Amino acid sequence: MCDQHGAELVADFQRFYGLRLSDVVAGSVSPRSALAMVEHLPEGSAFIVAARGGRDHTGWDTTAYLLAALIDSVNMTTWAVNAQNAKRKPSKPKPFERPGTRKRNVRAAETLIKNNPHAMPIPEYRLPKP
């Protein structure tokens, strides 16, 4: 844990508990207590955000994921009603973008390019800005 996200743990211990991580090493806080504190850090803590995948996940707690699912559900219901009653079917709505989806799409595109001998890369200036 400390090897990968040590800086985040130092910041969270100071921010949420008013402790220094060096207190654990010095022995004034037991390792068991320190582990319990890490396990109960809030979802918005730097350590939890880093463990989930980095800064892209900042602000994405359980409530945000539930709201994104609700938005997707409303969009799909609206699409289904419109598709049922329209002469020309509307296009299916895209899901609300969540952290990490952009990376998966890039990886999928790279795989398609590798498997297609006729594929040519898009020049950098023509790519959309993130």
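Everything below is about the structure shown above.
Residues numbered from 1 in each chain as written. Predicted model: local features only at pLDDT ≥ 70, side-chain atom pairs only at ≥ 80, totals over all residues. Heavy atoms only, no water.

J.: How would you sum up the nonpolar core? Please name residues and give values.
T.: Core analysis: the biggest nonpolar cluster contains 12 residues, these being Leu9, Phe13, Leu19, Leu21, Val24, Val29, Ala34, Met37, Val38, Leu41, Phe47 and Ile48. Elements with a minimum of two residues in this core: helix 1 (2–17), helix 3 (31–39) and helix 4 (46–52). Per element, the largest residue contribution to this core is three residues, and it comes from helix 3. Setting aside anything within four residues of it in sequence, one finds alanine 34 in contact with Phe13, Val24 and Val29. (Core = buried A, V, L, I, M, F, W, Y, C linked by side-chain atoms within 4.5 Å. Buried < 20%, exposed > 50% of the residue type's maximum accessible area, 1.4 Å probe, protein only. Helix = DSSP H or I, 4+ residues; strand = E, 2+ residues; numbered from the N terminus. Contact = heavy atoms within 4.5 Å.)

J.: Just give me the short version of helix 3, but keep the residues and values in it.
T.: Regarding helix 3, the residues found buried are Ala34, Met37 and Val38. Each buried residue of helix 3 sits inside an arc of 100° when the element is viewed along its axis, so together they form one side. With respect to the buried face of helix 3, the exposed residues turned more than 90 degrees away are Arg32 and Glu39. (Arc of directions from axis to C-beta.)

J.: Talk me through the pattern of salt bridges; I want residue IDs and the actual numbers.
T.: Applying the stated criterion across every chain yields a total of two salt bridges. Two residues, glutamate 43 and arginine 52, come together in a salt bridge whose shortest N-O distance is 3.0 Å. Exposure remark for arginine 52: the relative accessible area of 34% places this residue in the partly exposed category. A salt bridge links aspartate 72 to arginine 98; the nearest nitrogen and oxygen atoms lie 2.7 Å apart. Of this pair, aspartate 72 sits in helix 5 (residues 62–85) while arginine 98 sits in the loop between helix 5 and helix 6 (101–115), placing them 26 residues apart in sequence. Looking at aspartate 72, the relative accessible area reads 15%, which means it is buried. (Salt bridge = Lys/Arg side-chain N within 4 Å of Asp/Glu carboxyl O.)

J.: I'd like to hear about the environment of threonine 78, residue by residue, with values.
T.: Relative to the helices and strands, threonine 78 is located in helix 5. It is 10.0 Å that separates the C-alpha atoms of threonine 78 and lysine 92, two residues lying 14 residues apart in sequence. Within polar-contact distance, the side chain of threonine 78 engages the backbone oxygen of valine 74 at 2.8 Å. (Polar contact = N/O pair within 3.5 Å; in protein donor to acceptor, adjacent residues only side chain to side chain.)

J.: Can you break down the side chain of aspartate 12 residue by residue, with the values?
T.: Tracing the sequence through the fold places aspartate 12 in helix 1. Among buried charged residues, aspartate 12 stands out as having no salt bridge; its nearest opposite-charge side chain is arginine 15, 4.9 Å away. Apart from the residues lying within four places of it in its own chain, the contact partners of aspartate 12 are Tyr17, Leu41, Ser45, Ala46 and Phe47. (Lys, Arg positive; Asp, Glu negative; His and termini not counted.)

J.: Break down the packing of aromatic side chains for me, with residues and values.
T.: Counted according to the given criterion, the structure contains three aromatic pairs. Their ring planes at 75° and their centres at 5.7 Å tell us that phenylalanine 13 and tyrosine 17 sit as a pair that is edge-to-face. Linking phenylalanine 13 with tyrosine 17, this pair stays in helix 1, spanning four residues, or about one helical turn. In this structure phenylalanine 13 comes out as buried when scored by relative accessible area, which is 0%. (Phe/Tyr/Trp six-rings, centres within 6.5 Å; stacked < 30°, edge-to-face > 60°.)

J.: Lay out the environment of glutamate 8 in plain terms, naming residues and giving numbers.
T.: Structurally, the position occupied by glutamate 8 is in helix 1. Classification of glutamate 8 as partly exposed rests on a relative accessible area of 25%. Separated by 42 residues in sequence, glutamate 8 and alanine 50 have C-alpha atoms that sit 7.5 Å apart. Discounting residues that sit within four places of it in the chain, glutamate 8 has contacts with Ala46, Phe47 and Ala50.

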